[in-house]
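Descriptive structure summary
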Amino acid sequence: MERHLVTVGDRQVHYARAGRGRPVVLLHASPGTWRPLRALAEELARRFTVYALDTPGHGGSDPLPVAEPAMADYADALDETLAALGLDRVHLYGTHTGAKIALTLAVTRPDRVASLVLDGLGVSTPEERADQLANYLPPVVPRGDGTHLVAAWHQVRNMFLFWPWYDERAGARLPGTVPPPHHLHDVTAGLLDAGDAYPLAYRAAFTCDPVPLLGRLTVPSLVLAASDDPLHAHLDRIPEPAARIRIEGRVAGDGSPRALAARVCAHAAEHPDGVTDAPAPPPVHVAGALTRRYVPTRLGQVLVRWTGREGTGRPLLVLPPAPASGRAAEEVLRQVGGVTDRRLRPAFAVDLPGTGDSDLRADGGSDLGVDLADVAGAVEDVLDALGLDSADLYGTGAGGTIAAAVAARDRARVHALALAAPYAGGTPGDRLAARTPSLAPDDHGTHLLRAWHLLRDGALRAGGRERFPDPGLLHDRVLDIVKAWPTYGAAFRAAVLGAATPRTDGPHTPVVVDPIWDPFASGAEAAPPSPYGDGRGGVLRMLEALDEVRT
């Protein structure tokens, strides 16, 4: 599936897209992202163009500009997103929170929805709603020992064992089994990544009574739930439906993505009126101070953040200290984009292949065959996709090593090179393996603690007391690697194993600049002295030093 972003006003919505033909839009449950719907989307993509959207405030979608959004706000946001995607009329599927968003849109904008599938529609009593609002949504508060990660894992795991998840009495036990660890991981990572935003969609769902909406529904609709879904029993709470609404239970075995896709396909086939083939993805427009987009590379799609007015000044491309994502460089982007004199530049930061929200495709589906040349080539592909014929590169940590490799490969396009603590090789294999251990999800979430203490211990090695980060920053960096757990170490390993001392002649003599905080920095070294001045001391000083470089 290809990943995209669409600009809706001043915010961006992330979605995954696959297939060809008429559009089917999928809305996920809370908490989490589109990822648990991947298997369903891939099945539906055999016959349709599938859009799997991240709810606002979740995954790659920006939150709504509302302090306490109601379900109507989420439905309006969905309506605006469909318009931005060029979709006049769609088949719509939603599960749990996504079901209530889909239902609300179908009631308020029936012209948008040709057919509707509601999978797991919650119909709670006033007493249940009050209890859920009081107990269902504990905040995510990073702790120094990392136990907040395991608490979130336990919360998500219990969602498949008890209803509600915090009631562990025998009478609240669900009949189903716990999903495999990778599924639990996707949901938990989505909850942790949403942070303070994750309760918002939940609150909107808990306070939305679907029964009056069902009474106003005019769209042909299928309401269903698997027998092991905690909301299966709520099917019996739905009043006698009108002829346009069909209610079905599903046995546990029919809860497979293939069986569910068959039901969605059959329902859509019964109601094709007004639905035309989906258009091509629209281009990404500038959204607020910081905009994101995906670009294709030889190693898969890469996420790029950018800021600054286009067409003013020489662009700056930032390669962060892998395995950190471009999120680590956002403050640098804001400062570069905020310079108001002649040095005003467009600035970009890259999630290197396999890190953060970027893909990694390699021979055999493994990151073991990716070397420094591959990663540097992917960065060149980014430059091509962004249309940057000349740019300065700023790389820090492993990103510095990669930036030096790009400059060596493409000396005509790289105007100047700013490096902070690049790796120069020589790291023993056993130490490299210790820096990038397996973070494969396990049944009990202990891989999250491994990730936490991997970075925390690295932070202790990398600097003194004054440089030790607060738990919030560690939390963000841990999310960078656990979101990309199969491949998070690929760019770092490629940089360390392929590192060489940067050249010290010509315009690509590195300008020494400030590093971005890097818990993997032990073993990195300072760049060689530069005849073009010292770029340390802040972003403005770095830009001045880069401007001194003459090709």
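Residues numbered from 1 in each chain as written. Predicted model: local features only at pLDDT ≥ 70, side-chain atom pairs only at ≥ 80, totals over all residues. Heavy atoms only, no water.

**Some words on the environment of Gly 338**
Structurally, Gly 338 is set in helix 10 (residues 330-338). For the pair formed by Gly 338 and Ala 287, sequence separation is 51 residues and the distance between their alpha carbons is 15 Å. (Helix = DSSP H or I, 4+ residues; strand = E, 2+ residues; numbered from the N terminus.)

**Focus: the sheet that holds strand 15 (residues 511-512)**
Taken in spatial order, the seven strands make up an open sheet running 9-10-12-11-13-14-15, and their pairing is mixed. The open sheet has two free edges, formed respectively by strand 9 (291-297) and strand 15, since each of these has just one partner strand. Bridging between strand 10 (residues 300-307) and strand 12 (residues 347-350) involves four bridges; their strand directions are antiparallel. When the bridges of strand 12 are listed, Trp 306 appears paired with Phe 348. The sheet contacts of helix 17 (residues 539-548) involve strand 11 (316-319), strand 13 (391-396), strand 14 (414-420) and strand 15, and relative to strand 14 the element is tilted by about 140 degrees. (Pairing = 2+ DSSP bridges. Contact = heavy atoms within 4.5 Å. Axes fitted to C-alpha atoms, helices over the stretch in contact; angles between N-to-C directions.)

**What about the packing of helix 6 (residues 181-194) against helix 15 (residues 471-483)?**
Relative orientation of the contacting elements helix 6 and helix 15 amounts to 150 degrees, with a least axis distance of 11 Å. Taken together, helix 6 and helix 15 sit at an angle that is classed as roughly antiparallel. Remark: the crossing between helix 6 and helix 15 carries left-handed chirality. Here His 185, Ala 189, Leu 192 and Asp 193 of helix 6 come into contact with helix 15, specifically with His 475, Leu 479, Val 482 and Lys 483. Per-class residue counts for the contact of helix 6 with helix 15 are four nonpolar, two polar and two charged. (Parallel < 35°, antiparallel > 145°, perpendicular 65-115°, else oblique. Left-handed = near helix turned anticlockwise from the far one by under 90°. Nonpolar A, V, L, I, M, F, W, Y, C, P; charged D, E, K, R; others polar.)

**Some points on the pattern of salt bridges**
Inspection of every chain in the model, using the stated rule, returns 35 salt bridges. Between Arg 109 and Asp 111 there is a salt bridge whose closest N-O contact spans 2.6 Å. The class for Arg 109 is partly exposed, based on a relative accessible area of 27%. Judged by relative accessible area, which is 42%, Asp 111 ranks as partly exposed. Asp 193 is paired through a salt bridge with Lys 483; the nearest N and O atoms lie 3.4 Å apart. With Asp 193 in helix 6 and Lys 483 in helix 15, the pair connects residues that are 290 residues apart, well separated along the chain. (Salt bridge = Lys/Arg side-chain N within 4 Å of Asp/Glu carboxyl O. Buried < 20%, exposed > 50% of the residue type's maximum accessible area, 1.4 Å probe, protein only.)

**Re helix 3 (residues 97-108)**
Between its first and last C-alpha atoms helix 3 spans 17 Å; for twelve residues at 1.5 Å apiece the expected length is 16 Å, and the two agree. Listed in full, the buried residues belonging to helix 3 are Thr 97, Gly 98, Ala 99, Lys 100, Ile 101, Ala 102, Leu 103, Thr 104, Leu 105, Ala 106 and Val 107. The secondary structure elements touched by the buried residues of helix 3 are strand 3 (23-27), helix 2 (71-84), strand 5 (90-95), strand 6 (113-119), helix 7 (198-206) and helix 8 (210-216). (Expected span 1.5 Å × (residues − 1).)

**Side note on the packing of aromatic side chains**
Applying the stated criterion to the full structure yields eleven aromatic pairs. For the ring pair Trp 165 and Tyr 166, a centre distance of 5.8 Å and an interplane angle of 85 degrees mean the geometry is edge-to-face. For Trp 165, a relative accessible area of 11% translates into the label buried. For Tyr 166, a relative accessible area of 24% puts it in the partly exposed group. Centroid distance Tyr 202 to Phe 206: 5.5 Å. Interplanar angle 20 degrees. Geometry classified as stacked. You can see Tyr 202 and its partner Phe 206 sitting in helix 7, four residues apart, about one turn around the helix. Residue Tyr 202 shares its accessibility class with Phe 206, and that shared class is buried. Within the aromatic cluster, the residues linked to one another by ring pairs are Tyr 136, Trp 163, Trp 165, Tyr 166, Tyr 198, Tyr 202 and Phe 206. (Phe/Tyr/Trp six-rings, centres within 6.5 Å; stacked < 30°, edge-to-face > 60°.)

**Considering unusual backbone geometry**
Following Trp 163, the chain continues into Pro 164 via a peptide bond in cis, with omega recorded as -10 degrees. Along the polypeptide, Pro 164 turns up in the loop between helix 5 (147-158) and helix 6. Residue Ala 322 is joined to Pro 323 through a cis peptide bond whose omega torsion reads 15 degrees. Within the secondary structure, Pro 323 sits in the loop between strand 11 and helix 10. At His 96, a position not held by glycine, the phi torsion is positive, near 55 degrees. Tracing the backbone shows His 96 in the loop between strand 5 and helix 3.

**As for the environment of Val 50**
With respect to the helices, strands and loops of the structure, Val 50 is situated in strand 4 (residues 49-53). In the structure, Val 50 is positioned 498 residues away from Glu 548 in sequence and 50 Å away in space, judged by C-alpha atoms. Every residue in contact with Val 50, bar those within four places of it in the chain, is listed here: Ala 16, Arg 17, Ala 18, Val 24, Leu 26, Ala 41, Leu 44 and Ala 45.

**Topic: the side chain of Arg 413**
Its place among the elements puts Arg 413 in the loop between helix 12 (398-409) and strand 14. A residue is classified by how much of its surface remains accessible, and Arg 413, at 11% relative accessible area, is buried. Looking at Arg 413, its side chain comes within polar contact range of the side chain of Asp 410, at 3.0 Å. Every residue in contact with Arg 413, bar those within four places of it in the chain, is listed here: Glu 380, Leu 383, Asp 384, Leu 388, Asp 389, Ser 390 and Ala 391. (Polar contact = N/O pair within 3.5 Å; in protein donor to acceptor, adjacent residues only side chain to side chain.)

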